[in-house]
Protein chains: 2
Amino acid sequence: MNKLVSEEFPFHGRRFDVVKRTYENSDGKLYSREIVKTPSASIVLAIDEEDNVIFVEQLREAIEKNTLELPAGLVEENEDPKSAAIRELREETGYVVKDSDVTFLTSVYTSCGFTDEKIYIYVAKNITRGETSFDEDENIEKIIKIPFSKVLEMAKNSELEQANQNVAILLYNLKK
Amino acid sequence: MNKLVSEEFPFHGRRFDVVKRTYENSDGKLYSREIVKTPSASIVLAIDEEDNVIFVEQLREAIEKNTLELPAGLVEENEDPKSAAIRELREETGYVVKDSDVTFLTSVYTSCGFTDEKIYIYVAKNITRGETSFDEDENIEKIIKIPFSKVLEMAKNSELEQANQNVAILLYNLKK
């Protein structure tokens, strides 16, 4: 790492903070970076006994439209990523899964050019139906089941719009 | 979309801006979202005649370490994403490629829970060596060539730390 010379905190938000850091490189030159500091998130590729993938349709204000998503959410303080994945699956879809039926697939940085966000991806099998309990201000429209083979075709056709769901589905497919 | 009630602009940066929006949902309830507005980026999976993938090792201050990356960069104003991919490949690695040897693979949102960032992923073949010309404050340490089969093993073993490079490599592998 280059030497940190100074840092400012120009934005403190509910979802993320912005920090502006000035570094000195090995030539003595100063340069700055604006960084979004955000909690980690967990996402879960949940597959039912008929090989359907469980998606949620959710309004994403940042891109001003509804998107098809794998169940996901922020890892809370003092929570481990796996527990967060299991909790988000239950809250967003009503599906319940035992800890022993959830396996770690991978973890990735989403966009380390400007943010420290890291996501943990899990695969859940042997899921059973329970009750949903959405976060108060979450805009989940509906739950959608799609056969895994069709999901893979969607990935091929660029119909899965988010990096994280592509990583989950493509890596699971490669490793299974 | 829910009705936009108001918006504030708490941070205006060089790399991104933050907008805070308040919406009213269909029940009349108000809620807010903090959103990072950022330009799109292009990344390029460049493969040489010996089936090596071209990586750069780059210091990423946001995660406080060097990472292995596919050549990538922001799409400039009045630039199309494909031209940006070709330009970034040349600037960061010195490899030159003809427009007709670059094909679109997919585009994805990196993390639409808090940012509108969209990345465009291209595949470049028939690349030839030229000169590098790094951005002034870019911290690219070195260029690394890795056989595609090894890269795929690295993806399987969670050794590729970024979502975008996983999408590029796994989707290219599925479609080829």
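Scroll up for the structure.
Keep in mind that this is a model prediction, so the values were computed, not measured.

Concerning the packing of helix α3 (residues 163–175) of chain A against helix α2 (residues 148–156) of chain B
Two elements in contact, α3(A) and α2(B), have axes separated by 10 Å at closest approach and are oriented at 105°. Regarding the angle of α3(A) to α2(B), the classification is roughly perpendicular. Of the residues in α2(B), those touching α3(A) at L171(A), L174(A) and K175(A) are L152(B), A155(B) and K156(B). Among the residues forming the contact of α3(A) with α2(B), the class breakdown is 4 nonpolar, no polar and 2 charged.

Digging into the relation of the copies chain B and chain A
Note on the chain copies: they are related by a rotation about an axis and a translation along it. Laying chain B over chain A is done by rotating through 180° and shifting 0.0 Å along the axis; what remains is an RMSD of 0.0 Å. Within this description, the copies of the chain are treated as partners about a two-fold rotation axis. When you check the interface residues of chain B against chain A, 97% turn up at the interface there too, and the contact is symmetric in its surfaces.

Focus on helix α1 (residues 81–93) of chain B
Each full turn of the α-helix corresponds to 3.6 residues, which orients residues three or four apart in the same direction. All names here are of chain B. Here α1 is 13 residues long and its end C-alpha atoms lie 18 Å apart, about the 18 Å a rise of 1.5 Å per residue gives. All of the buried residues along α1 are A84, A85, I86, R87, E88, L89, E91, E92 and T93. Two or three places before K82, at the start of α1, stands the capping residue D80, its side-chain oxygen 3.2 Å from that residue's backbone nitrogen. Once α1 ends, the next one or two residues include G94, with phi positive near 85°.

With respect to the sheet that holds strand β1 (residues 3–12) of chain B
Paired through their backbone hydrogen bonds, the strands of a sheet run either parallel or antiparallel. Residues and elements named next belong to chain B. In spatial order, the strands read β1-β2-β3; together these 3 strands make up an open sheet with antiparallel pairing. In this open sheet, the two strands that pair with only one neighbour each are β1 and β3 (30–37). For this sheet, the mean inter-axis angle between neighbouring strands, taken without regard to orientation, is 20°. Two elements, strand β2 (residues 17–24) and β3, share 8 bridges in a ladder whose sense is antiparallel. The residue of β3 that forms the bridge with E24 is L30.

As for the state of the cysteines
For the coordinates displayed, the defined rule picks out 0 disulfides over all chains. There is no disulfide at C112(B), and the cysteine sulfur nearest it, in C112(A), is 18 Å away. Given the relative accessible area of 2%, C112(B) is considered buried.

Quick notes on the rules
Residues numbered from 1 in each chain as written. Chains lettered and ligands numbered in written order. Predicted model: local features only at pLDDT ≥ 70, side-chain atom pairs only at ≥ 80, totals over all residues. Heavy atoms only, no water. Axes fitted to C-alpha atoms, helices over the stretch in contact; angles between N-to-C directions. Helix = DSSP H or I, 4+ residues; strand = E, 2+ residues; numbered from the N terminus. Parallel < 35°, antiparallel > 145°, perpendicular 65-115°, else oblique. Contact = heavy atoms within 4.5 Å. Nonpolar A, V, L, I, M, F, W, Y, C, P; charged D, E, K, R; others polar. Least-squares fit on C-alpha atoms with pLDDT ≥ 70 in both. Expected span 1.5 Å × (residues − 1). Buried < 20%, exposed > 50% of the residue type's maximum accessible area, 1.4 Å probe, protein only. Polar contact = N/O pair within 3.5 Å; in protein donor to acceptor, adjacent residues only side chain to side chain. Pairing = 2+ DSSP bridges. Disulfide = S-S within 2.5 Å.

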